Structure formats: C-alpha cells, structure tokens
Amino acid sequence: MNNDEDAVSGNSKEDSKEKKHPLLEGLVDAQALRTMSRSDLTALAAEIRDVLCNLLATRTAHFASNLGVIELCIALHCEFDFQKDHLIWDTGHQVYPHKLVTGRYHEFPSIRTRGGLMGYPNPSESVYDLFMTGHAGASISTAVGLRSGDLLTGHSDRRTVAVIGDGAFPSGMVFEALNNAGELEDDLTIILNDNKMSICPRVGAVATYLDRLRSNPYYTGLKTEVVRLLEHVPMFGDPTERLLAQMKEGVKAGLLGGMLFEELNIRYVGPIDGHDIPLLRKYMAMVREMKGPVLLHVVTEKGHGYKPAAEDPVFFHTPPAFRVEQAEDAATPSSGCPPFTLHARNAIAKKMAEDDRVTIITAAMCQGNKLEPIREQFPDRFFDVGICESHAVAFAAGQCKMGLRPIVDIYSTFLQRSYDQIFQEVTLQDLPVVFMLDRAGLTGPDGPTHHGLFDIGYLRVFPNIVIMAPGYASEVERMLDAALAYDHPVAIRYPKASALELDRNIEPVEIGKSERIREGIDGTIIAFGSMLDQALAAAEILDGDLDVGVVNARFAKPIDLDMVHSSIEAGKFVITVEEHTKMGGFGSAFVESAVERRLDTRQVHCLAIDDRYIDHGDRDELLAEQGLGAKQIVARCREAAGLVASYST
Ligand SMILES: Cc1ncc(C[n+]2csc(CCOP(=O)(O)OP(=O)(O)O)c2C)c(N)n1
Ligand SMILES: CC(=O)[C@@H](O)[C@H](O)COP(=O)(O)O
Ligand SMILES: [Mg+2]
C-alpha cells in the first residue's frame, strides 16, 4: 500500500458519476470476500480507507487505529466465516473496517451519532458483533469462554479468534486469560496487532519484549528466507509437524522468538507484516488449522495509508473533524470555556510543583487527561502504568504507605476495573489516594461503555472515602487542595464538558460543606457538580415566575446535613440534579440522610439518569433526553410548585 495521502481517492466529477465505492456498496455481508481476487481485495482496502477519511471530514471518530487494521480485517474475513466462527475485537474502537465489510456500509455515515451506528461492536446491529465492548483487555477471556462453550455444546467445528492490540495486551486480564488458555489447550487464535502504540506510545516491559520480537532478524532481514521456508511446508499437512519444521529451522538459525508465549503453552507465530493481504491470508490459514491456543504476531502501522495519521498517531487516535481542525482539541466543548480536564491538569501540575510528595498515575490516558506537560515537567513523579487500572490503584496504595500523595487520574468508567483495589488496598486501609475522576457523566459519542454514570454509587458504599464534584472552574483547584490536605481517600468527579466560569470568592473548600449560590423562597435546586450550570440557567429562566434558590452541593459523601435540613425545612420543593444514575447517586444519598433524620421527603424530587444503559449521542442532546437540561429542570420546578399538572411518569 502506498503510504501517502494520494492513497485516498479524490472527488473528481468523473468519479461522482460512478459508484463511489463499488465493492463496498455491493457487500451485504462478508461472504463475498472469501472469493474475491487479490486485486479486488486491494481495491477494497482502498475503498475502506477512502470511507474512513471522508468520515473524518465530518466528525470526531477513532481514526488511526482503524486505518491500521484494514488489511488485517480483510484477511480475517477471507479466511474465516464469522457468521459461524467467533471474532472478538479487543476494546472495539478499531471495528470500523469490520462494520464496512459486514453489510453496514450504507449506514456508516451515521456512526457515533444519536440513533446511528455505534462506534464499537454492537450485537443489535449485526450477527458479526458478539459483545458490546469499549473497555480494553477482555477479548482473550471471552474468546476462551466461547471456545469452551462451543466444545461443551457440540460446536467444535467453529473457530474462535481474538484480535488484541499491543496497548491492551499488558492488561492483567490478558495474562489471566493466557494462563487459562495454556492449561485448557483448546483451539484458539489470538492475533496480536502490534503497532507500537497505545493511544500514546505504549509503555512497560511487555512493550519492550514486543520490540525485541520485532527487531528479531526473523522479522527484519531474514523474514523472506523464513517465508520461503514456509512455502515448502504443505498447507494441509499435519499442522503440528509443520509448526515443528518451522520452529526447527527457526531455532537452527537462532531466529525464533516468542518464548514467553511458548512457555505458557501458547504457540507463537510471527511477527508478520500486517499490511500484506496475501501473506496475512497464508498465515491465517495456517494458524486456523493448528491445534491448541496460537498467537499470531502481526505488525501494523497505526494510521497506515494516510500520511498525517501515520506520522502523528496520537493526535489521530480520535482527531477533531477536519472542518473544526482549528478547535483546541476534541475535549474542548463548543461553549469555548476550557474543559474541567484542563483545570484538573493545571491544578495537579501546581500541586506537584508545590509538594514533591505528590505523584500522578495514569492508566494509559495521558493524552485524554491532557497530562503531557506534566509528563515532561515531572518525569520522576509521572507514572503511566499502561491499560492496567487495577494495578494503578494498588500501586497508588503502595506509594501512600511510603508517605507519598498519589493522584490517580482516571476516567470514571475505567476505574470500574479497579473495584476490589479501591475496596481492599485503599478504603480498607484508609489510605489518602486522590482519584481525579474524569469523564464522570455522559461522555457523548462513545456511548454506554464510556459514560461515567456509576461512580458515586460504586464508591459511596465504602467507608472512609469522600466524594466531591466541582460545579465551576475555580473549584477544581480548591477541591484538590482540600483532598490533598485530607488524610483519607478522596474522589473528585467531573465530566467531559466545559467548566462553568463563576466569579466566586476564593474560600477554601471545607470537607462536607455545600455552598449556596443563589437565594430563593419558592423552592431549592440542589446541583451536584456539573449540573450547577443547568440549575443556574433554570433559575434564571424561572425568574419573575418562581424565586428559586440554587445550592452547589459539592459533597455526595459526607453529605452536608445542615443543607439537607435547611432545604427541606423551608417547606418548599427541593429538586436534586446530578449527571449520574439515580440509583445510588447524590439524590439517593440526600433522601437516605433525610429519611434517617425523620425529615419529610414528600417534596423532594431527584433528577438523575434512568436505570438503563444510555446510548451514544451528543452530550447536550442526551442530557435533555434525560430531563437534565435547563428547560427540563424548569418544567420540573413549575410542576413541583404546582404551577402545572404533574408529569405522568
Ligand atoms: C479498560 C480501558 N482502559 C483504557 C481505555 C482507553 N483506550 C482505548 S484504546 C486505548 C489504546 C489501545 O491500544 P491498542 O490496544 O494497542 O490499540 P490501537 O489503538 O493501537 O490499535 C486505550 C488506552 C479503554 N478503552 N479501556
Ligand atoms: C477507545 C477509547 O476508549 C478511547 O479512545 C476513548 O474513546 C477516548 O475518549 P475521549 O475522546 O473522551 O478521550
Ligand atoms: Mg496498538
């Protein structure tokens, strides 16, 4: 493939008269790939690249990872029949070519928009998608389970394939799965898609090991020799014999790597060029027939076929749409105010400069959390542990024991991977780990796997932890000050959104104390964190009609009991608002504490996210749909005040 911008077709007038993507347009499923000619498969790869580049003109989407797996995806669908066989793409962000060749070309322009295709595998879209995923590291476990299920239910003729990236590969779960697979010895194909990248350049000892495998002469200079050797090994002979022949020759020449896998009873084959369709097919046909678990190491280039993406795969992981290329970055919302993430990063940098006990830990989300300047400025206190959230939390606990003040900067949804470490290593020991919980709320186009809607609930149940949420920009730093001055675990949650700029006096944040922002005699809106802007906007809209007070709750745990008392005892309606699922959230904590103190909760209304998984879409759209936009809060206030008939639901 020509690694050049020219690889992406232009839009000439003559082209537009013809079908733009003739091969893709005709695909109802992936069956046709199995009989396509080599030249058609090459043309198909070019069509897929063109579709991906056109998509990027219109919206933010996962880009470089998808460009890098086009040939791999085509070869997989040529050599397996995934209407019958099982295919699991780890994480699932690189599934666009797979969607295109499995009959979703015509819907593809809707991807990542409300009601459109999901940006991840989705079983309700296609039989080719087995699990709805978005979190990294689970593919080999589910594949081992699928194979085991097939064997127990009489489907041993089915093949099972897991494709996993080198960034996801060091996850603890992967090694748990290999441990099990090596013992079970069931047939399983693991494709390791090694592009030397996570979102940022990958880190850790496994990455170094993969580097060693890639620099092996087997892959570099002498690869063709070995390929030639393989040509002489009959394709349909005994696979074990064939592998042994390959290994014998490899070992003789000192060429074979992968001993880590071999020692775990996983056959290792590769590394091979992941952009050469015929070569990929040849190896896939081989590993398909092998007995037991096999790992095929495939080397690809993230961003392949579009030069800017190949040169800067970090930016092109999820770049902003071309038409808004001037925007600061994908996480900067349209209001133009800087996002909470930026305020958090600046506050962290300040604390690290002031106090050399403060460390920062990320689980492969340096770019998303905007931590690059901190990585540069404090290399000794910056720890990217890879996609290993459980480890990140236990590691932080270890640092605490030695007198350090670690900050785990992590997306709310990914912290779910560390649940037991939060329990045992942090809260049970009552260690002062600070969790900066980014993306806590509706994250938008990533959808149900990425919305951070459960953290208050899953953290609140543990003794010792404090949970707070800033309602506006300047609170972020003050909350971090309070957290680091406190000798117990603390979580600070904030969404993927711009931070409201409020001109408030700079008083320190006191643990367990809320802040009244606006007085009002007809009722009170109590906003938790990010909902403060919607609450204030609602109060403004109601002005002249209803005089509504607004409280910035700040704490879900410990909740401000004086605030609970005073708001209820005012005898007017109280509406709690939060960007979190209703069950176990802030409103739930509010009502629990009111009931415990025998307060009358009949005029308390809790606005929160429904008890169901929320689809992908624009955040504002989703907030409105969930009754959390300013207009919907206004309607609930009118209804609570008896100005309009009550909602039927
Ligand atoms: C549990 C979990 N942690 C973090 C992430 C965020 N994340 C998504 S893709 C990615 C990088 C994955 O790298 P790799 O598997 O090598 O895929 P590539 O993008 O290189 O194709 C990360 C860190 C995630 N999806 N799930
Ligand atoms: C696949 C994945 O998990 C990440 O790429 C995620 O989509 C990043 O989300 P943000 O764009 O909010 O950083
Ligand atoms: Mg990778």
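Residues numbered from 1 in each chain as written. Chains lettered and ligands numbered in written order. Predicted model: local features only at pLDDT ≥ 70, side-chain atom pairs only at ≥ 80, totals over all residues. Heavy atoms only, no water.

The protein has the name 1-deoxy-D-xylulose-5-phosphate synthase in an unreviewed UniProt entry, where Novipirellula aureliae is given as its organism. A UniProt comment under Subunit (unreviewed entry) is attached to the protein, and it reads "Homodimer." The protein has a UniProt comment under Pathway (unreviewed entry) that states "Metabolic intermediate biosynthesis; 1-deoxy-D-xylulose 5-phosphate biosynthesis; 1-deoxy-D-xylulose 5-phosphate from D-glyceraldehyde 3-phosphate and pyruvate: step 1/1." (UniProt positions renumbered as here; feature names shortened; annotations may be inferred.)

Student: What's the story with the environment of P121 in this structure? I'm lost.
Tutor: By the secondary structure assignment, P121 is in the loop between α6 (96-101) and α7 (139-152). Residue classification places P121 among the buried positions, given a relative accessible area of 5%. Distance from P121 to G92, taken between C-alpha atoms, is 5.9 Å for residues 29 residues apart in sequence. (Helix = DSSP H or I, 4+ residues; strand = E, 2+ residues; numbered from the N terminus. Buried < 20%, exposed > 50% of the residue type's maximum accessible area, 1.4 Å probe, protein only.)

Student: In this structure, what is going on with helix α19 (residues 419-427)? I would like to understand it.
Tutor: An α-helical turn contains 3.6 residues, so any two residues separated by three or four positions project in the same direction. Along α19, the residues classified as buried are Q421, I422, V426 and T427. Relative to the axis of α19, the buried residues are bounded by an arc of 140° and lie together on one face. Buried positions along α19 lie against α17 (389-401), α18 (412-415), β9 (434-438) and α20 (455-460). (Arc of directions from axis to C-beta. Contact = heavy atoms within 4.5 Å.)

Student: I'm lost on the domain arrangement of the protein in this one. Help?
Tutor: The assigned domain composition of the protein is domain 1 (5-216 + 257-311), domain 2 (340-493) and domain 3 (515-640). At the junction of the two partners, domain 1 supplies 6 residues and domain 3 supplies 6 residues. Linking domain 1 with domain 3 are 2 salt bridges. (Domains from an automatic or database assignment. Salt bridge = Lys/Arg side-chain N within 4 Å of Asp/Glu carboxyl O.)

Student: What is the right way to read the sheet that holds strand β3 (residues 188-194) from this model?
Tutor: By definition, the strands of a sheet pair up through backbone hydrogen bonds, in either a parallel or an antiparallel sense. Pairing is parallel across the open sheet formed by 5 strands, whose spatial order is β1-β2-β3-β5-β4. Since the sheet does not close on itself, it has two edges, and those belong to β1 (86-89) and β4 (267-273), each with one partner. The sheet shows a mean angle of 20° between the axes of neighbouring strands, taken without regard to direction. Alignment of β1 against strand β2 (residues 160-165), held across 4 bridges, turns out to be parallel. Its bridge partner lying in β2, H86 is registered against T160. The sheet contacts of helix α5 (residues 70-79) involve β1, β2, β3 and β5 (293-299), and relative to β1 the element is tilted by about 165°. Running at roughly 75° to β5, helix α9 (residues 205-215) makes contact with β3, β4 and β5 of the sheet. (Pairing = 2+ DSSP bridges. Axes fitted to C-alpha atoms, helices over the stretch in contact; angles between N-to-C directions.)

Student: So what exactly am I meant to see when it comes to unusual backbone geometry here?
Tutor: The general pattern is negative phi for most residues beyond glycine and trans for most peptide bonds. The omega angle of the peptide bond from G270 to P271 is -5°, so this bond is cis rather than trans. With respect to the helices and strands, the residue P271 is situated in strand β4. The linkage connecting K557 with the following residue, P558, adopts the cis geometry, with an omega of -10°. Tracing the backbone through its elements, the reader meets P558 in the loop between β15 (555-557) and α23 (561-569). The residue T91 is not glycine, and still its phi comes out positive at about 70°. Relative to the elements of secondary structure, T91 occurs in the loop between β1 and α6. Even without glycine at this site, E185 takes up a positive phi of about 60°. Looking at the secondary structure, you find E185 in the loop between α8 (172-184) and β3. Residue E185 is classed as partly exposed on the basis of its relative accessible area of 48%.

Student: Would you mind going over the coordination of the magnesium ion (ligand 3) with me for this structure?
Tutor: Octahedral metal centres with six donors ideally show angles of 90 or 180 degrees, and tetrahedral centres with four donors ideally show 109.5 degrees. Taken together, D166 (OD), N195 (OD1) and M197 (O) make up the protein donors of the magnesium ion (ligand 3), found 2.1 Å from the metal. Each donor residue of the magnesium ion (ligand 3) lies on the same chain, and together they follow the pattern D-x28-N-x1-M. Of the residues examined, N195 reaches a relative accessible area of 13% and is grouped as buried. (Donors = N, O, S within 2.8 Å, 3.2 Å for Na, K, Ca; no water.)

Student: Help me out: how do you make sense of the side chain of R405 in this one?
Tutor: Relative to the helices and strands, R405 resides in strand β8 (residues 405-411). A polar side-chain atom of R405 sits 2.8 Å from the main-chain carbonyl oxygen of Y486. Residues in contact with R405, not counting those within four places in the same chain, are R357, V358, T359, P432, A483, L484, Y486 and D487. (Polar contact = N/O pair within 3.5 Å; in protein donor to acceptor, adjacent residues only side chain to side chain.)

Student: Quick question: what am I supposed to make of the pattern of salt bridges here?
Tutor: Side chains that carry opposite charge are capable of pairing whenever their charged atoms lie near each other. Scanning the model with the defined rule gives 46 salt bridges in all. With a shortest N-O distance of 2.8 Å, K99 and E125 are connected by a salt bridge. Taken together, the residues K99 in helix α6 and E125 in the loop between α6 and α7 connect sequence positions 26 residues apart. Owing to a relative accessible area of 0%, K99 belongs among the buried residues under this scheme. Accessibility expressed as a relative area gives 23% for E125, which makes it partly exposed. With a shortest N-O distance of 2.9 Å, E289 and R288 are connected by a salt bridge. In this structure E289 comes out as partly exposed when scored by relative accessible area, which is 25%. Each of E79, R159, R281, R288 and E289 takes part in a single network of salt bridges with overlapping partners.

Student: Whenever I open this one, the environment of I70 confuses me. Can you help?
Tutor: In this fold, I70 is placed in helix α5. The sequence separation of I70 and Q83 amounts to 13 residues, and the corresponding C-alpha distance is 19 Å. Each residue touching I70, except ones within four places of it in the same chain, is listed here: A45, I48, R49, L52 and P97.

Student: Which parts of the structure should I look at to understand the sheet that holds strand β13 (residues 523-527)?
Tutor: Read from one edge to the other, the open sheet built from 5 strands follows the order β12-β14-β13-β16-β17, with strand pairing classed as mixed. Each edge of the open sheet carries a strand with a single partner, namely β12 (515-518) and β17 (604-609). Between one strand axis and the next, the sheet turns through 25° on average, direction left out of account. Direction of pairing for strand β16 (residues 573-581) relative to β17: parallel, over a ladder of 5 bridges.

Student: Would you mind going over the UniProt feature "binding site: thiamine diphosphate" (unreviewed entry) in the protein with me for this structure?
Tutor: Per the UniProt record, "binding site: thiamine diphosphate" (unreviewed entry) is found at H93, G134, H135, A136, G167, A168, N195, Y306 and E389. The greatest C-alpha distance among the residues just named is 32.0 Å, and with 297 residues of sequence between them they are spread in space as well. Tracing the sequence through the fold places Y306 in the loop between β5 and α14 (307-311). Using a relative accessible area of 11% as the deciding quantity, one classes Y306 as buried. Among the secondary structure elements, E389 is positioned in helix α17.

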